[in-house]
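Spelled out, the chains give:
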Amino acid sequence: MNASNRGKDSVDQLRIHAPAKINLHLEILGLRADGFHELAMVMQSIDLADQIEITSNTDGLIKLSIDDPNLSAGEDNLIFRAAELLRCSYGNKNLGANIYLQKNIPIGAGLAGGSTDAAATLVGLNTLWKLDLDKQQLSNLAAELGSDIPFCLEGGTQLCFGRGEKLEPVKASASSSDMAIILVKDPTVSVSTPWAYGRSKEINEKNYLKSDLAFEDRRQLLREQSWLSSFSPSDPPPLNNDLQKVVAPEVQVVQNALKALSDLPGSIGVAMSGSGPSCFALYSTYKQAKEVLARSRIKLESLGFKSWCCSFQSEGVGFDQ
Ligand code: C5P
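### Structural notes on the site of the ligand
Point 1. The ligand sits among Phe36, His37, Leu39, Gly146, Ser147, Arg163, Thr193, Pro194 and Tyr197.
Point 2. Residue His37 places a main-chain N or O atom 2.8 Å away from a nitrogen atom belonging to the ligand.
Point 3. In the model, a nitrogen atom of the ligand is placed 3.0 Å from a nitrogen or oxygen of the Arg163 main chain.
Point 4. The fraction of the free accessible surface of the ligand (460 Å²) that becomes covered by protein chains is 73%.

Here's what the structure looks like:
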């Protein structure tokens, strides 16, 4: 997180960028006592980002507006919930804010769009309301709000365990910063994350690992993967997503996306991100991904996909200069 302790100088307006993530690895280990799934993941921030603008107000109200009418700006929005949780936990009831969200990350796509907005809200309001919470305090609030939100605060390349909230940074090589993806999403289709995990449970529960010891063995196996210690285009991530195995057979658009991406030249691999339905093709360099997308965008569009060329980012949410 490059943003938790931006000076204590007086500000009444802030702009924060909130990057999306993809999953380079998503492994479901088993079920937890709290009903969530125990996961072993590698998440990667990308440069497709929402923008959040926050101004202070003195009427003690949290007001949210969004440039995308397809997204609720009500109390169910994670931005609103993040602001309320912060105010209840550390602020006082007179604190207010006007929050404006410019939505660039597709909704319901498996890219942590809602989670990264919540992370940006925590970071922004911590500064605007002069609460002075440290990284750990923000991360605890983030985990309370959603499993992916601690990652969105921190960003970069991280091993994510537990529900997804326990982070261990992956040291990326210099050449990995040039790795890039072509990302595709059918704007008319979204996938519910609880549904995707529910399907995994229905289909695979009998094969889930059952003990903490077995979970730890699998975590250690992942930590020791050679591609993680080098993390470079010469030993690229093999890409694995256990949710893809249960979502793709039932969501035709995911099969179509994976096929369309596999047909593109020069990629290292293709996979679905998170619970889908967005999918991506991995490239060694941004230049190559950009050239391939320039030649393929019209074809992808004719198949119903919106597409982006995105580079890997080494940080999560942060203040705009
Ligand atoms: O934590 P978050 O709100 O993002 O989770 C959304 C839903 O995804 C949960 O309610 C749960 O159904 C499922 N989930 C899970 N195991 C995880 C993370 C999410 O089963 N580790």
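And the narrative resumes.
### A few points about the pairing of strand β11 (residues 306–313)
Point 1. Of all 8 residues in β11, 6 are buried; the element is thus mostly enclosed.
Point 2. When strand β2 (residues 37–57) meets β11, the two strands line up antiparallel, connected through 2 bridges. By the bridge assignment, Ser45 is partnered in β11 with Gln313.

### Topic: the layout of surface pockets
Point 1. Its volume calculated, the largest pocket comes out at about 1,100 Å³.
Point 2. If you trace the largest pocket, you find 42 residues lining it, with Leu78, Ser115, Asp148, Thr193 and Pro194 closest to the centre.
Point 3. Mapped onto the lining of the largest pocket, the elements with two or more residues apiece are β1 (13–31), β2, α1 (78–90), α2 (113–128) and α5 (193–204).
Point 4. In the lining of the largest pocket, the residues fall into 19 nonpolar, 16 polar and 7 charged.
Point 5. Forming the walls of the second largest pocket are 14 residues, and the residues nearest its centre are Asp68, Pro106, Ile107, Lys185 and Pro187.
Point 6. Inspection of the lining of the second largest pocket shows a minimum of three residues originating in each of domain 1 (4–171) and domain 2 (174–311).

### Details of the packing of aromatic side chains
Point 1. By the definition in use, this model includes 1 aromatic pair.
Point 2. Considering the side-chain rings of Trp227 and Phe231, the 6.4 Å spacing of their centres and the 40 degrees angle between planes classify their relative orientation as tilted. For the pair Trp227 and Phe231, one class covers both residues: buried.
Point 3. The ring of Phe36 carries the charged tip of Arg163 above its face, separated from the ring centre by 5.1 Å.

### Notes on the domain arrangement of the protein chain
Point 1. When the domains of the protein chain are assigned, the result is domain 1 (4–171) and domain 2 (174–311).
Point 2. The straight-line distance from the C-alpha centre of domain 1 to that of domain 2 is 22 Å.
Point 3. Tallying the contact residues gives 34 residues for domain 1 and 38 residues for domain 2.
Point 4. With both chains or domains summed, domain 1 and domain 2 bury close to 3,100 Å², and 64% of this area falls on carbon and sulfur atoms.
Point 5. A per-residue breakdown of the area domain 1 buries against domain 2 is headed by Leu24, Leu26 and Leu29, which together make up 20% of the total.
Point 6. In this structure, the connection of domain 1 to domain 2 is made through 3 salt bridges.
Point 7. The salt bridge involving Arg218 is made with Glu27; its shortest N-O contact spans 2.8 Å.
Point 8. For the interface between domain 1 and domain 2, the tally reads 16 residue pairs in polar contact (both at pLDDT 80 or more).
Point 9. Sorting the residues of the side of domain 1 that touches domain 2 by element identifies β1, β2 and β5 (157–162) as the ones contributing at least two each.
Point 10. Of the residues belonging to the side of domain 1 that touches domain 2, the class tally is 19 nonpolar, 9 polar and 6 charged.

### Focus on unusual backbone geometry
Point 1. Across the junction of Gly276 and Pro277, the peptide omega takes the value 5 degrees, indicating a cis bond.
Point 2. With respect to the secondary-structure elements, Pro277 resides in the loop between β9 (269–272) and β10 (279–283).
Point 3. The residue Asp132 is not glycine, and still its phi comes out positive at about 60 degrees.
Point 4. Structurally, the position occupied by Asp132 is in the loop between α2 and α3 (135–145).
Point 5. Of note, the phi angle at Phe231 is positive, near 35 degrees, even though the residue is not glycine.
Point 6. Within the secondary structure, Phe231 is located in the loop between α7 (226–230) and β8 (240–241).
Point 7. According to the relative accessible area criterion, Phe231 is buried, its value standing at 0%.

### Section: the environment of Lys201
Point 1. Considering the arrangement of structural elements, one finds Lys201 in helix α5.
Point 2. Expressed as a C-alpha distance, the spacing of Lys201 and Glu224, which sit 23 residues apart in the sequence, is 27 Å.
Point 3. Each residue touching Lys201, except ones within four places of it in the same chain, is listed here: Leu31, His37 and Tyr208.

Calculation criteria
Here the residue index of a chain counts from 1 through its sequence in written order. Thresholds applied to this predicted model are a pLDDT of at least 70 for local features of residues and 80 or more for the giving and counting of side-chain atom pairs; totals over whole chains, interfaces and linings are not thresholded and use all residues. Each side-chain value is worked out from all heavy atoms of the structure, with water and hydrogens disregarded. We call a residue near a molecule or strand whenever a single non-hydrogen atom of that residue lies within 4 Å of it. Under the rule applied, a polar contact is a pair of N or O atoms within 3.5 Å (in protein, one hydrogen donor and one hydrogen acceptor; residues adjacent in sequence only if both atoms are side-chain atoms). Accessibility throughout is a Shrake-Rupley quantity obtained with a 1.4 Å probe, and a residue counts as covered only by protein chains that appear here. Think of it in three bands: with a 1.4 Å probe and only protein chains considered, a residue is buried below 20% of the maximum accessible area for its type, exposed above 50%, and partly exposed in between. By the criteria applied, helices consist of DSSP H or I runs no shorter than four residues and strands consist of E runs no shorter than two, each listed in order from the N terminus. In short, DSSP must find at least two bridges between two strands for them to pair. Note on definitions: the grid is 1 Å and covers protein atoms alone; a cavity is a set of points where a 1.4 Å probe fits but cannot get out; a pocket is an open set with protein on both sides within 12 Å along at least five of seven lines; lining residues have an atom within 4 Å of a point. Grid points are joined across faces, edges and corners, and a volume is the space filled by probe spheres set on the points. The nonpolar class holds Ala, Val, Leu, Ile, Met, Phe, Trp, Tyr, Cys and Pro. Asp, Glu, Lys and Arg form the charged class, and all remaining residues, Gly among them, are polar. Residue ranges assigned to the domains are those given by an automatic or database domain assignment. Any pair of Phe, Tyr and Trp rings, taking the six-membered ring for Trp, is counted once the centres come within 6.5 Å. Such a pair is stacked with planes under 30 degrees apart, edge-to-face with planes over 60 apart, and tilted for the rest. A positively charged side chain is recorded as over a ring if its NZ (Lys) or CZ (Arg) lies within 6 Å of the ring centre. The angle to the ring normal must also be within 35 degrees. Note on contacts: a residue pair is in contact if any heavy atoms of the two residues lie within 4.5 Å. Buried area is calculated as the accessible area (1.4 Å probe) missing from two parts once they are joined, with the contributions of both summed. Within this document, salt bridges are pairs made up of a side-chain nitrogen of Lys or Arg and a carboxyl oxygen of Asp or Glu, the two lying within 4 Å of each other.

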